[in-house]
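Structure at a glance
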Amino acid sequence: MAHLRVSVGASTRLGPGKADLLEAVGREGSISAAGRRLGMSYARAWRLVNELEEGFGRPLVQAARGGGGGGGARLTPLGEQVLAAYRRMQAQAEAAVAAEVAGLRALLSPPASREGEAGEPAQAAPRVRWR
């Protein structure tokens, strides 16, 4: 899996963490729930959303305060566009490097300390980070 980080402006960067956060906000309907799902604090989740919103100059997440009716959050149309564009770029990047990643995987030696089921060396699933 390729991990794509894109600089879309002088100080605006979009990568897997921010994209996953936007996706989780859309799915969970809450910034705090999205942060919990991703193992980050509410403050960090808000900070990442704010970084994106400052760069794009408009809200990507619309939040409603809690209270009697409860709070919540949803992606704005711009937030949905940004997330969809990133996911398309991510898929294109993964397709572009797939053959090379397969070639690198073929060069890996099996871990010596672990064995697979039939006494065969276990194959570790390598992670590819593309920055």
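Residues numbered from 1 in each chain as written. Predicted model: local features only at pLDDT ≥ 70, side-chain atom pairs only at ≥ 80, totals over all residues. Heavy atoms only, no water.

So, the side chain of E53
What counts, and what does not: By definition, any uninterrupted DSSP run of H or I lasting at least four residues is a helix, any uninterrupted run of E lasting at least two residues is a strand, and each is numbered from the N terminus. Buried residues are those whose accessible area, probed at 1.4 Å on protein chains only, stays under 20% of the maximum for their type, while exposed residues exceed 50% and partly exposed ones sit between those limits. Just so you know, the count uses Lys and Arg for positive and Asp and Glu for negative, and it drops His and the chain ends. Here, a salt bridge means any side-chain nitrogen of Lys or Arg that lies within 4 Å of a carboxyl oxygen of Asp or Glu. Under the rule applied, a polar contact is a pair of N or O atoms within 3.5 Å (in protein, one hydrogen donor and one hydrogen acceptor; residues adjacent in sequence only if both atoms are side-chain atoms). We call two residues in contact when some of their heavy atoms are within 4.5 Å.
Topologically, E53 is positioned in helix α3 (residues 42–56). The side chain of E53 is buried and forms no salt bridge, while R58, the nearest opposite charge, is found at 10 Å. Within the structure, the side chain of E53 is placed 3.0 Å from the backbone nitrogen of V61, a separation counted as a polar contact. Those residues in contact with E53, other than ones at most four positions away along the chain, are R58, P59, L60 and V61.

Let's talk about α3
Rules: Helix span, as expected, comes to 1.5 Å for every residue beyond the first. This arc describes the spread of directions from the helix axis toward the C-beta atoms.
Spanning 15 residues, α3 covers 21 Å between terminal C-alpha atoms, matching the ideal 21 Å at 1.5 Å per step. For α3, the full list of buried residues reads A45, L48, V49, L52 and E53. Down the axis, α3 shows its buried residues gathered within 135° of arc, on one side only. Contacts from the buried residues of α3 go to β2 (13–14), α1 (16–28), α2 (31–37) and β3 (61–64). Two residues or fewer past α3, G57 is found with a positive phi of approximately 75°.

Focus on the packing of aromatic side chains
Inclusion rule: Aromatic pairing here means that ring centres of Phe, Tyr or Trp (its six-membered ring) are within 6.5 Å. Orientation follows from the plane angle: under 30 degrees is stacked, over 60 is edge-to-face, and everything else is tilted.
Evaluated as defined, the whole model comprises 1 aromatic pair. Arranged with centres 6.5 Å apart and planes meeting at 85°, the rings of Y42 and W46 form a pair that is edge-to-face. One end of the pair is Y42 and the other is W46, both in helix α3 and 4 residues apart, which spans about a single turn. Residue classification places Y42 among the partly exposed residues on the basis of a relative accessible area of 49%. W46 sits in the partly exposed class, given a relative accessible area of 22%.

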